[in-house]
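Here's the letter readout for the chains.
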Amino acid sequence: MRVLGVDPGLTRCGVGVVEGVAGRPLTMVGVGVVRTPADAELGHRLVAIEQGIEQWLDEHRPEFVAVERVFSQHNVRTVMGTAQASAVAMLCASRRGIPVALHTPSEVKAAVTGSGRADKAQVGAMVTRLLRLDAPPRPADAADALALAICHIWRAPAQNRLEQAVAAHRTLKGRTA
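If you're wondering where the values come from, they're calculated on a predicted model, not measured in any experiment.

Chemist: Account for the nonpolar core, naming residues and giving values.
Modeler: In terms of nonpolar packing, the biggest core is built from 19 residues, with L4, V6, I49, I53, L57 and V65 touching the most fellow members. Elements with a contribution of two residues or more to this core: β1 (2-7), β2 (12-19), α1 (42-60), β4 (64-68) and α2 (76-95). When residues of this core are assigned to their parent elements, the largest contribution, 5 residues, is made by α2. Residues contacting V65, with those up to four places away along its chain left out, are L4, V6, L57, A93, I98, P99, V100 and A101. Membership of the second largest hydrophobic core comes to 18 residues, among which are A111, V127, L148 and A149.

Pasting the structure below:
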């Protein structure tokens, strides 16, 4: 399974591609950041993010895209920028028919470190260890993107089984009604 993880942001949008399957060593295929100038017009920034993500999709051909689920913060301006960058990533993947999964920050932290309250340094350290890297990816947005991809690879099989069970239950329930 090849997954593009996207840590959305208007100034720095982390991107990372990981390949592998749950229970086996994972491989980092690529990692980076799509950057936009903070003083640029919003529309231009969103186009730049779209172009950057499209390049990653063209180059790495992921089977899935995992995006950080936007959650409420006190700073509405930050949330809006994150949500807009997130929507661009989802649009780019969906336009190509690539399935998109959303994972919360605490879900990603728990999957990668064992604690949903881990800090950025702990996430970076575990990503480095899990992918057998020489040093944590910088900036932290890049490490977070890899953590999203790792989380999806590890959680997707269980999530798929759960979705199949729910669908089978609905089908069975529909026959008895």
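Chemist: Residue-level account of α2, with values.
Modeler: One turn of the α-helix equals 3.6 residues, which is why residues spaced by three or four share an orientation. Spanning 20 residues, α2 covers 28 Å between terminal C-alpha atoms, matching the ideal 28 Å at 1.5 Å per step. Among all positions of α2, only V79, G81, T82, A85, S86, V88, A89, C92 and A93 are buried. Looking at the buried positions of α2, the neighbouring elements they touch are β1, α1, β4 and β5 (100-103). In the segment just after α2, G97 is the residue with positive phi, at about 80 degrees.

Chemist: How would you summarise unusual backbone geometry if you had to cite specific residues and measurements?
Modeler: The omega angle of the peptide bond from R138 to P139 is -5 degrees, so this bond is cis rather than trans. With respect to the helices and strands, P139 occurs in the loop between α4 (120-130) and α5 (140-176). Of note in this structure, R132 is not a glycine but carries a positive phi near 55 degrees. As for its placement among the helices and strands, R132 is situated in the loop between α4 and α5.

Chemist: Explain the sheet that holds β1 to me, using residue names and the numbers behind them.
Modeler: Across the sheet, 5 strands lie side by side as β3-β2-β1-β4-β5; this open sheet has mixed pairing. The open sheet is flanked by β3 (27-35) and β5, the only strands paired with a single partner. Direction aside, the axes of adjacent strands within the sheet are offset by 20 degrees on average. Pairing between β4 and β5: 4 bridges, direction parallel. In the strand pairing of β5, V65 is matched with V100. Against the sheet, α1 engages β1, β2, β3 and β4, with an angle of about 160 degrees to β3.

Chemist: Pulling in residues and values, what's your account of the packing of α1 against α2?
Modeler: Any two packed helices are characterised by the angle at which their axes cross and by the distance between the axes. Where α1 contacts α2, the axes come no closer than 9 Å and their chain directions differ by 40 degrees. Here α1 lies oblique to α2, going by the angle between them. Our pair here, α1 against α2, has a crossing hand that is right-handed. On α2, the residues touching L42, L46, I49, E50, I53, E54 and L57 of α1 are Q84, A85, V88, A89, C92, A93 and R95. Tallied by class, the residues present in the contact of α1 with α2 amount to 10 nonpolar, 1 polar and 3 charged.

Chemist: Give me the lowdown on the side chain of T36, citing residues and values where you can.
Modeler: Considering the arrangement of structural elements, one finds T36 in the loop between β3 and α1. Among the polar contacts listed, one links the side chain of T36 to the side chain of R45, at a separation of 2.9 Å. Residues contacting T36, with those up to four places away along its chain left out, are L10, T11, R45, A48 and I49.

Calculation rules
- Residue positions are given per chain, counting from 1 as you read along its sequence in written order.
- At least 70 in pLDDT is required for a residue's local features to be given in this predicted model, at least 80 for side-chain atom pairs to be given and counted, and no such filter applies to totals for whole chains, interfaces and linings, which use all residues.
- Excluding hydrogens and water, the side-chain values take into account all heavy atoms of the structure.
- Nine residue types can take part in a nonpolar core, namely buried Ala, Val, Leu, Ile, Met, Phe, Trp, Tyr and Cys, and a core is a set of them joined through side-chain atoms within 4.5 Å.
- Throughout, exposure labels follow a simple rule: accessible area from a 1.4 Å probe, protein chains only, divided by the maximum for the residue type, with under 20% read as buried, over 50% as exposed, and the rest as partly exposed.
- A run of H or I in DSSP counts as a helix once it spans at least four residues, and a run of E counts as a strand once it spans at least two, with each numbered from the N terminus.
- Pairs of residues are marked as contacts when any of their non-hydrogen atoms sit within 4.5 Å.
- Here, expected helix span is obtained from the residue count minus one, scaled by 1.5 Å.
- At least two DSSP bridges between two strands are required for those strands to pair.
- Inter-axis angles, ranging from 0 to 180 degrees, are taken between N-to-C directions of lines fitted to C-alpha atoms, where helices are fitted over the stretch in contact.
- An angle counts as roughly parallel when it lies under 35 degrees, as roughly antiparallel when it exceeds 145, as roughly perpendicular when it falls between 65 and 115, and as oblique in every other case.
- Two helices cross in a left-handed way if the nearer one is turned anticlockwise from the farther one by less than a right angle. They cross in a right-handed way if the turn is clockwise.
- In this count, Pro and Cys sit with the nonpolar residues alongside Ala, Val, Leu, Ile, Met, Phe, Trp and Tyr, while Asp, Glu, Lys and Arg are called charged and the others, Gly among them, polar.
- Counted as a polar contact is a pair of N or O atoms within 3.5 Å, where, for protein atoms, one must be capable of donating a hydrogen and the other of accepting one, and residues adjacent in sequence contribute only when both atoms are in side chains.

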